[in-house]
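Each chain, written out:
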Amino acid sequence: MSTSSAAPPAKPPMRDALVAAAFQLFLERGYEQTTVDDIVALAEVGRRSFFRYFPSKEDVVFPDHESCLADMTAFLAAGESDEEPVRRVCDAARLVLRMYAENPAFSVQRYRLTRRVPGLRAYELSVVWRYERALAAYLRGRFAGRPDGTLRADVIAAAVVAAHNNALRSWLRSDGKGDAEAAVDHALACVQSAFADAPARPAPSPFPPESPRPDDVVVLVARRDAPLWQVVRQFEAAQGESR
């Protein structure tokens with residue numbers, strides 16, 4: 001009777017291995033102190049392999065946003081012409097929540113990292129803006145026959161993103177505990193109650209209200225000719241320090 005040794009455990013896909021290696025180093029050394037060369041060395045792949053999956057070091061922190069944005073755009077395009085448009089964009093925003101909720105530990109880890117690194121926070125803002133533009137583009141098409149169609153589309157898209165992110169960040173600040181879906185449902189129902197033709201009734205929030213901070217004031221000093229991205233980065237850095 002012959003015996004066979006157990007097969008070695010399969011290696012994770014290269015993309016996942018790069019993400020895991022990157023976050024291990026970010027936690028051990030810090031984001032700024034970690035280079036792409038460090039990441040590929042730990043993952044035991046070449047630099048070319050890294051850039052095949054990620055255009056930059058920042059992109060490895062947000063590995064799933066491109067596919068999520070594509071899924072959201074396809075979801076919006078597949079909507080029926082008679083479907084209530086505000087409900088449709090709220091459902092589209094839930095796709096982002098599901099992406100975060102699939103891996104709570106990683107999502108919380110990334111949230112903490114972006115709070116500490118102003119450059120990553122600025123990058124995240126650019127990603128959020130792309131989601132908002134996708135929602136607004138869909139709504140502009142649905143409201144094309146209205147005199148205020150463009151304004152209404154942009155306002156609702158901004159409201160959906162703000163409501164979704166408020167609930168998502170509350171969940172992330174709780175270390176991924178609690179019901180993230182219920183929190184986002186509550187927030188998006190507030191948007192529907194304000195803008196939809198068939199408003200939804202907001203359910204109670206699963207998170208306790210945050211204590212007001214009346215002395216929470218941020219003052220920035222910047223050159224008159226400073227670019228907007230630099231001012232945003234300063235503001236986000238100050239916000240991160242106050243949380």
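Definitions and cut-offs
- Residues numbered from 1 in each chain as written.
- Predicted model: local features only at pLDDT ≥ 70, side-chain atom pairs only at ≥ 80, totals over all residues.
- Heavy atoms only, no water.
- Helix = DSSP H or I, 4+ residues; strand = E, 2+ residues; numbered from the N terminus.
- Buried < 20%, exposed > 50% of the residue type's maximum accessible area, 1.4 Å probe, protein only.
- Contact = heavy atoms within 4.5 Å.
- UniProt positions renumbered as here; feature names shortened; annotations may be inferred.
- Arc of directions from axis to C-beta.
- Phe/Tyr/Trp six-rings, centres within 6.5 Å; stacked < 30°, edge-to-face > 60°.
- Lys NZ or Arg CZ within 6 Å of the ring centre and 35° of its normal.
- Salt bridge = Lys/Arg side-chain N within 4 Å of Asp/Glu carboxyl O.
- Axes fitted to C-alpha atoms, helices over the stretch in contact; angles between N-to-C directions.
- Parallel < 35°, antiparallel > 145°, perpendicular 65-115°, else oblique.

As for the overall build of the protein
Across its full length, the protein carries 11 helices and 0 strands. In sequence order, the secondary structure elements of the protein are arranged as α-α-α-α-α-α-α-α-α-α-α. Per-residue burial for the protein yields a buried fraction of 41% across its 243 residues. Within the protein, contacts between residues separated by at least 24 positions form 64% of all contacts whose residues are at least 6 apart in sequence.

What to know about the UniProt feature "DNA-binding region" (unreviewed entry) in the protein
Mapped onto this numbering, the UniProt entry annotates "DNA-binding region" (unreviewed entry) at residues 35-54. Taken end to end, residues 35-54 comprises 75% helix and 0% strand; its first and last C-alpha atoms sit 13 Å apart.

Details of helix α2 (residues 36-43)
Of all the residues in α2, the buried ones are V36, I39, V40 and A43. Down the axis of α2, the smallest arc covering the buried residues is 90 degrees, so these residues share one side. On its buried face, α2 sits against α1 (14-29), α3 (47-53) and α4 (57-61). Residue E44 follows α2 closely and has a positive phi angle near 60 degrees.

So, the packing of aromatic side chains
Tallied over the full model, the rule gives 7 aromatic pairs. Three or more aromatic residues link up through ring pairs in this structure, and these residues are F23, F26, Y31 and F106. The residue whose ring lies beneath R88 is F75, and the NZ or CZ to ring-centre distance is 3.7 Å. One cation-aromatic arrangement involves R146 over F143; the distance from NZ or CZ to the ring centre is 5.7 Å.

Details of the pattern of salt bridges
Taken as a whole and assessed by the stated rule, the structure comprises 14 salt bridges. Where R15 meets D64, a salt bridge forms, and the shortest distance between an N and an O atom there is 3.6 Å. Of this pair, R15 sits in helix α1 while D64 sits in the loop between α4 and α5 (65-77), and the two are 49 residues apart along the sequence. What makes R15 partly exposed here is its relative accessible area of 25%. Given a relative accessible area of 29%, D64 falls into the partly exposed group. Residues E132 and R133 are paired through a salt bridge, measuring 3.7 Å at the closest nitrogen-oxygen approach. E132 gets classed as buried once you look at its relative accessible area, which sits at 18%. The exposure class of R133 is partly exposed, given its relative accessible area of 26%. Salt bridges here are not isolated pairs; linked through shared partners, they connect E132, R133, R140 and D154.

So, the packing of α5 against helix α8 (residues 118-142)
The geometry of α5 relative to α8 is characterised by a closest axis approach of 10 Å and an angle of 10 degrees between their N-to-C directions. Considering their axes alone, α5 and α8 lie roughly parallel with respect to each other. Contact residues: H65, E66, C68, L69, M72, T73 and L76 in α5; V127, R130, Y131, A134, L135 and Y138 in α8.

Concerning the environment of L18
Its location among the elements puts L18 in helix α1. Classification of L18 by relative accessible area gives buried; the value is 0%. Distance in space between the C-alpha atoms of L18 and S49 is 9.2 Å, their sequence separation being 31 residues. Apart from residues no more than four positions distant in its own chain, L18 is found in contact with I39, V40, A43, V45, S49, F50, Y53, F54 and V60.

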